[in-house]
Amino acid sequence: MADALGVGIIGAGFFGGQHARALAEVEGVRLVAASARTPERLAAFTAEHGGTGYRDYHDLLADPAVDAVCVVLPNTLHAEAALAAARAGKAIMIEKPMAATRDECDAIVAAVAETRVPCMVAHPYRFMLAYQEALRLIREGAIGRPVAGTAAMVKDWTFKQREPWHLAPGGGMWLTNGCHLVDRLCLLLDATPTDVRAVVGTRFHPQEADDIGVGLIGFEGGAVGVARAIGYSDGARDDWTEIQGTEGALRVNHTDGLFVGRGDRWEPVLPELSPLHDALVAEWEAFLPHARGEAPSPVSAEYGRMIVATVLAGMESSATGQVVPVT
C-alpha cells in the first residue's frame, strides 16, 4: 500500500463515515487522517475507521501522508476548506453542493485552475448502477431524443442524522438536495440549464432554512425539467427521475431499479437496488485516476459551479416571482 493515495476526510460526521467505508473498498486508496472540531466525534471516527485525528483541518493539510482530501463539511464551509486544500497542493473531492454561493464556487474554480490540483465534485447519483444503465440506454437511443424530465426527492427532513446547520440558511432542502435533482436532470437530459422558475420556502418545520423547493428548469436545446425537493414532517419517501423521449420513456429509482415505458406500460429493465454505498465506491474509483493526474475530472469544478448556479437561480426566482437565467 506504499503507493496508495493517502486520503484525509475533512468533516468526520455521518457522511464522512459513509465515505470512509466506501474508500476502504477501493484498491489504491487508504484513509490516513480525519478532522473534526468535536473531540468525541473525532475519537469515535478514528476508532472505527483509523487514521490520525486532527481538531483543525489545517493541521491535516500539513500532514505529508495526506495526498488528497474529501471535504464533508456544512455547505457554507466548503469553499474555505477547498481553497486551503488547493493552496496545500492536495487533490480535492468536495461534497455537493460545491459551495453555498456563486462567488465561493468561482473562487474554487479559480484556485483549481491556478494550482492545477485535481478536483472532483461528489454527485453520487450518477455513479449508481441504475443511473449508469439509464444513461447507457438513453445514449443508445432507446427512448429517442429526451425532451422532458422530472426529478423528485421527497423525504423526512428531520431524520436522526440531520445536523443543526441543515436547518439554517445555507443548509435547506433546496440547496442540499435540489442539487441532486438538477444533476440527475443534466445527466439524463444531456443538456445544460438555461433558466429557472421556482418556488422555494418553508412549509413544514419551524426553521430558518427552506424545506420545500419546486423548480421548472429550461435547458439548452429546448428540453424542460421539473425538480421537486420536499422535506416533509410526515409522509412517505420518494426518490426518482423520469425522462420522456420522442420514442419512449424511462423511470429510474435507486431503490426500485430502472423501467422503460412504451405502449402505455412500464417494463422493468433493471429491477434491483442500487445502494448509495456502491455508488460512493464507484465515485472513489473514478476519482483515483484523476487524483493521480492520469485522467480529467469525472465531475469538474466548473460543472459543480453550474449546478449551484441553477439552484441559486431557483431561490432568486422564488423571491422575485420571475424566470431567472442561470449565469
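This section reports on the structure supplied with the text. Please read all numbers here as calculations on a predicted model, not as lab measurements.

### Some details on the overall build of the protein
Now for step 1: Regarding its fold elements, the protein presents 9 helices and 15 strands.
Now for step 2: Over its C-alpha trace the protein gives a radius of gyration of 19 Å, about what one expects of a compact globule, namely 20 Å for 327 residues.
Now for step 3: Seen along its three principal axes, the alpha-carbon backbone of the protein occupies a region of about 60 × 40 × 40 Å.
Now for step 4: The burial tally for the protein puts 56% of its 327 residues in the buried class.
Now for step 5: Expressed as a percentage of contacts within the protein between residues at least 6 apart in sequence, the contacts between residues at least 24 apart total 67%.
Now for step 6: Accessible surface for the protein amounts to roughly 13700 Å². Of this, 51% is attributable to carbon and sulfur atoms.

### Comments concerning the packing of helix 1 (residues 14–23) against helix 8 (residues 276–291)
Now for step 1: Between helix 1 and helix 8, whose axes approach to 8 Å, the crossing angle comes to 65 degrees. As far as their axial angle goes, helix 8 and helix 1 are roughly perpendicular. Between helix 1 and helix 8 lies a crossing of right-handed hand. Contacts between helix 1 and helix 8 involve Phe15, Gln18, His19, Arg21, Ala22 and Leu23 on the former and, on the latter, Leu276, His277, Leu280, Val281, Glu283 and Trp284.

### Here we look at the packing of helix 7 (residues 173–189) against helix 9 (residues 301–320)
Now for step 1: One can describe the packing of helix 7 onto helix 9 by two numbers: an axis separation of 9 Å at closest approach and a directional angle of 120 degrees. In this structure, helix 7 meets helix 9 at a crossing whose hand is right-handed. From helix 7, Trp174, Leu175, Gly178, Cys179, Val182, Asp183 and Cys186 reach across to helix 9, where they touch Tyr303, Met306, Ile307, Thr310, Val311, Gly314 and Met315.
Now for step 2: Its residues assigned to classes, the contact of helix 7 with helix 9 shows 10 nonpolar, 3 polar and 1 charged.

### Topic: the sheet that holds strand 4 (residues 68–71)
The strands making up a sheet are joined through hydrogen bonds of the backbone, oriented either antiparallel or parallel.
Now for step 1: The strand order across the open sheet formed by 6 strands is 3-2-1-4-5-6, and the pairing between neighbours is parallel. Only two strands of the sheet have a single neighbouring strand rather than two, namely strand 3 (52–54) and strand 6 (119–122). Between one strand and the next, the sheet's axes are offset by a mean angle of 25 degrees, whatever the strand orientation.
Now for step 2: Its contacts with the sheet put helix 2 (residues 39–49) on strand 1 (5–10), strand 2 (29–35) and strand 3, and the angle it makes with strand 2 is roughly 165 degrees.

### Structural notes on the packing of aromatic side chains
Now for step 1: Applying the stated rule across the entire model yields 2 aromatic pairs.
Now for step 2: Between the aromatic rings of tyrosine 125 and tyrosine 131, the centroid separation amounts to 5.8 Å while the plane-to-plane angle is 80 degrees, which identifies the pairing as edge-to-face. When sorted by exposure, tyrosine 125 lands in the same class as tyrosine 131, which is buried.
Now for step 3: Pairing tryptophan 284 with phenylalanine 287 gives two aromatic rings, centres 5.6 Å apart and planes at 85 degrees, and the pair type is edge-to-face.

### A few points about the state of the cysteines
The bond known as a disulfide is covalent and runs between the sulfur atoms of two cysteines.
Now for step 1: Under the counting rule described, the total for this entry stands at 0 disulfides.
Now for step 2: With no disulfide of its own, cysteine 119 lies 10 Å from the sulfur of cysteine 105, the closest cysteine sulfur.
Now for step 3: A relative accessible area of 3% places cysteine 119 in the buried class.
Now for step 4: Cysteine cysteine 179 is unpaired, with the sulfur of cysteine 105 as its nearest cysteine sulfur at 10 Å.

### A look at the environment of arginine 262
Now for step 1: Inspection of the secondary structure assignment puts arginine 262 in strand 13 (residues 257–262).
Now for step 2: In this structure, the C-alpha to C-alpha distance between arginine 262 and isoleucine 143, residues 119 residues apart in sequence, is 8.8 Å.
Now for step 3: There is a polar contact of 2.6 Å between the side chain of arginine 262 and the backbone oxygen of alanine 142.

### Some words on helix 7
Now for step 1: If you check helix 7, its first and last C-alpha atoms are 23 Å apart, about what 17 residues at 1.5 Å a residue would give, namely 24 Å.
Now for step 2: Along its length, helix 7 reaches its greatest deviation from straightness, about 30 degrees, at cysteine 179.
Now for step 3: Following helix 7 by one or two positions, aspartate 190 adopts a phi angle in the positive range, close to 50 degrees.

### Description of the pairing of strand 1
Now for step 1: Here strand 1 lies mainly inside the structure; 6 of its 6 residues are buried.
Now for step 2: When strand 1 meets strand 2, the two strands line up parallel, connected through 6 bridges. Each residue of the ladder has a partner; that of isoleucine 9, found in strand 2, is alanine 34.
Now for step 3: Assessed by its sense of winding, the connection that carries the chain from strand 1 through helix 1 to strand 2 is right-handed.
Now for step 4: Both strand 1 and strand 4 contribute to a ladder of 4 bridges, which runs parallel.

Conventions we followed
Residues numbered from 1 in each chain as written. Predicted model: local features only at pLDDT ≥ 70, side-chain atom pairs only at ≥ 80, totals over all residues. Heavy atoms only, no water. Helix = DSSP H or I, 4+ residues; strand = E, 2+ residues; numbered from the N terminus. Rg over C-alpha atoms; globule rule 2.2 N^0.38 Å. Buried < 20%, exposed > 50% of the residue type's maximum accessible area, 1.4 Å probe, protein only. Contact = heavy atoms within 4.5 Å. Areas by Shrake-Rupley, 256 points an atom, 1.4 Å probe, with all protein chains shown as cover. Axes fitted to C-alpha atoms, helices over the stretch in contact; angles between N-to-C directions. Parallel < 35°, antiparallel > 145°, perpendicular 65-115°, else oblique. Left-handed = near helix turned anticlockwise from the far one by under 90°. Nonpolar A, V, L, I, M, F, W, Y, C, P; charged D, E, K, R; others polar. Pairing = 2+ DSSP bridges. Phe/Tyr/Trp six-rings, centres within 6.5 Å; stacked < 30°, edge-to-face > 60°. Disulfide = S-S within 2.5 Å. Polar contact = N/O pair within 3.5 Å; in protein donor to acceptor, adjacent residues only side chain to side chain. Expected span 1.5 Å × (residues − 1). Bend = angle between axes of the 7 residues up to and from the residue. Right-handed = clockwise from strand over helix to strand, strands pointing away.

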